[in-house]
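Each chain is listed here by its residues.
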Amino acid sequence: MIKIRKSFLVLLLLSFGYALFSGGNLPYSVFYALLLIVLFMGISTYFLGKSMSVKMEAEKWEMTSGENNNLVIKVYNDSIFPVPYVEIKSSLVSEILPRDRGDIISIGVNSQKFIKKNFGINTRGQYHLGEISCSIGDVLGVFSYKKKFKYKKIIKVYPKIYDLNNVRIVGANLREFNTKNIRAYNKGPESAETIKNIREYRRGDSYKRINWKVTAKHGKLFVKEYDSSESPRIHVFLDLRKSGFVLDKDGENEEAIVEFYLSLVRYIIQRNGNCQSIIINNKVKVSDIVGESSLELLKEQMVTTFSGGSGNLSGYMKKFLCEISKKSAVVVVTSNITRDNLNYLVSLKQEGYEINLFYFNKFIGDEAELIAEIKGQGVSCYNIEGIR
């Protein structure tokens, strides 16, 4: 869309009025000179706008939070006129670099210029390239031509996973798990010698565990159950309910517990632990993590999984605890340190469950007393800040 500067339009009209009422060669010469400028600048700006094209590419389309990346904005002028003034603004750059006010460049005849933007993103998610606004102006600033380019590609930002050392998870069958070193994955829970039982499929069971022969015979899904002494069972609850992040305006708490959660899951499977992941937000997502491929799927899932939903932690956990053996370890990763939540974890400990609480909250204050209180009642508590 082309626009003319209002002040110059007023000047043109005034010169026309002056020439009309005064007459004479000079007033008309001034008017026609201004009119020629308007025509030339208008036509050239229009064709410059039509011949201008912009492309945007990322150095990496997949990255980890906190990692550096580069965006390259390529501006092309395919016309026979030079472009004295081009202002480039990107919606994505404005989102990830709030202080960036765009770029002003000039381009020669039939040439191109590249604009490089270095950036880092600290929050997981999918970032659309979005829209680039291109504003072209003439030498005198009489006309401007605005053009927009839209892009559908996305940059995918994964949560960071880091190494954990000497994380102790309390559970009746985890003595060997807590003392072994990281080693290469063995055959894991899919080994025939670790099968303990065949039972009907339950929500959250891995499809890899389905016994197809028994399933075909009975006409409904049956899964293999494994010896917990060979593969200790650890249930990891990730609490992403919205109430835990009310003060977390920059998302630091949420990113911290998601990164720790994924790092902990990897820590478990590196020691051949049998891990079940339960993610709580506006809905509950359950998955069995049985190896590196399962971890990658979980990592992919967390790119689009954010805090949300409401309700009490106890209401979500009760649905799963009825199917969890008290010999297994129960791990809760949360930033929601409230008396109700902590009292519920104490009640689970009193029922015989082995509870491990991993918490992170940079705003923690009076909650420290609550943590000390439930530690005294046998709940294992760990501050993520001191582990990562």
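Nothing here was measured: the structure is a model prediction, and the numbers come from that model.

Asker: Looking at this structure, how should I read the sheet that holds strand E14 (residues 284–289)?
Answerer: Two orientations exist for strands paired in a sheet by backbone hydrogen bonds: parallel and antiparallel. Taken in spatial order, the 6 strands make up an open sheet running E14-E13-E12-E15-E16-E17, and their pairing is mixed. Each having just a single partner strand, E14 and strand E17 (380–383) make up the two edges of the open sheet. Across the sheet, the mean angle separating the axes of adjacent strands is 15° when strand polarity is ignored. The sheet contact formed by strand E16 (residues 354–359) and E17 spans 4 bridges and is parallel. Note that in E17 the partner of Asn356 across the bridge is Ser380. Contacts from helix H7 (residues 292–302) reach strand E12 (233–239), strand E13 (274–280) and E14, with the element oriented near 160° to E14.

Asker: What is the right way to look at the pattern of salt bridges in this model?
Answerer: It is possible for side chains bearing opposite charge to pair when their charged atoms get close. Here the structure, examined in full by the defined rule, presents 15 salt bridges. Asp103 serves as the salt-bridge partner of Lys117, at 2.7 Å between the closest nitrogen and oxygen. Here Lys117, found in strand E7 (residues 111–120), pairs with Asp103, found in strand E6 (residues 103–107); they are 14 residues apart in sequence, far enough to count as distant. For Lys117, a relative accessible area of 10% corresponds to the buried category. One salt bridge connects Arg266 with Asp163, and the closest N-O pair in it is separated by 2.5 Å. Of this pair, Arg266 sits in helix H6 (residues 252–270) while Asp163 sits in the loop between strand E9 (143–158) and helix H4 (175–179), and the two are 103 residues apart along the sequence. Among the residues examined, Asp163 registers a relative accessible area of 58% and is labelled exposed.

What counts and what doesn't
- Residues numbered from 1 in each chain as written.
- Predicted model: local features only at pLDDT ≥ 70, side-chain atom pairs only at ≥ 80, totals over all residues.
- Heavy atoms only, no water.
- Pairing = 2+ DSSP bridges.
- Helix = DSSP H or I, 4+ residues; strand = E, 2+ residues; numbered from the N terminus.
- Axes fitted to C-alpha atoms, helices over the stretch in contact; angles between N-to-C directions.
- Contact = heavy atoms within 4.5 Å.
- Salt bridge = Lys/Arg side-chain N within 4 Å of Asp/Glu carboxyl O.
- Buried < 20%, exposed > 50% of the residue type's maximum accessible area, 1.4 Å probe, protein only.

Read these as geometric descriptors, not functional statements.
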